[in-house]
Amino acid sequence: MQDILNMALPQWELLPDIGLYMDQVITLMDHTFSPALPKGEMTKSMVNNYVKHSYISKPEKKKYQRKQIARLIAITTLKSVFSIQEIAQTLNTLHTDTNSEELYNAFVDYMNEDIDPANPIIRASCQTVKLYHQTLALVYTETEEEETNEY
């Protein structure tokens, strides 16, 4: 089971401030989300598809920047609950109001520490993800208890 509720997402300033090649991005994503996502959850094909559909911007000289990595982290976190199209629409809507660093840090603060963001879209999307994973945790706990009681 994914354990996204017990992990800490990195703040903007902890994201690499130098361009990363695709393999480095994949390694970073595996490291950032371990143990919440199975190793290999983020693939080159997935990232290329996100670029192809403009969910993240194209890399500059084959290097991904901090803004693209932050967006990948947000997409990966939200995709357990929302479709990629819904996530892209939400991120695009948010981006018109505030800069990427502020949005990303508000998202991370709420996911990591329940610090209430001023933005209701961030609050609602994070609450949805958290409630989904809390529900899964309860279901898995119930299922494990039932299986234990059967023996």
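Up top is the structure.
Cut-offs used in this document
- Residues numbered from 1 in each chain as written.
- Predicted model: local features only at pLDDT ≥ 70, side-chain atom pairs only at ≥ 80, totals over all residues.
- Heavy atoms only, no water.
- Helix = DSSP H or I, 4+ residues; strand = E, 2+ residues; numbered from the N terminus.
- Buried < 20%, exposed > 50% of the residue type's maximum accessible area, 1.4 Å probe, protein only.
- Contact = heavy atoms within 4.5 Å.
- Areas by Shrake-Rupley, 256 points an atom, 1.4 Å probe, with all protein chains shown as cover.
- Salt bridge = Lys/Arg side-chain N within 4 Å of Asp/Glu carboxyl O.
- Core = buried A, V, L, I, M, F, W, Y, C linked by side-chain atoms within 4.5 Å.

Caption draft 1: Structural detail: the overall build of the chain. In terms of regular secondary structure, the chain is built from 6 helices and 0 strands. Walking the chain from its N terminus toward its C terminus, one meets helices and strands in the order α-α-α-α-α-α. Here the chain holds 151 residues, and 40% of them are scored as buried. The long-range fraction of contacts in the chain, counting pairs at least 24 apart against all pairs at least 6 apart in sequence, stands at 65%. For the chain, the exposed surface amounts to about 9000 Å²; the carbon and sulfur share of it is 51%.

Caption draft 2: Here's a closer look at the pattern of salt bridges. Per the stated rule, a full pass over the model turns up 3 salt bridges. Linking Lys44 and Asp23 is a salt bridge whose minimum nitrogen-to-oxygen distance equals 2.8 Å. Within this pair, whereas Lys44 is found in helix α2 (residues 44–52), its partner Asp23 is found in helix α1 (residues 22–33), the two being separated by 21 residues in sequence.

Caption draft 3: Just the nonpolar core, in detail. Val47, Ile56, Leu72 and Phe107 are the most contacted members of the largest nonpolar core, which has 39 residues in total. Elements that contribute at least two residues to this core include exactly α1, α2, α3 (66–78), α4 (84–95), α5 (100–113) and α6 (120–150). Every residue in contact with Ile56, bar those within four places of it in the chain, is listed here: Val47, Tyr50, Val51, Tyr64, Gln68, Arg71, Leu72 and Ile75.

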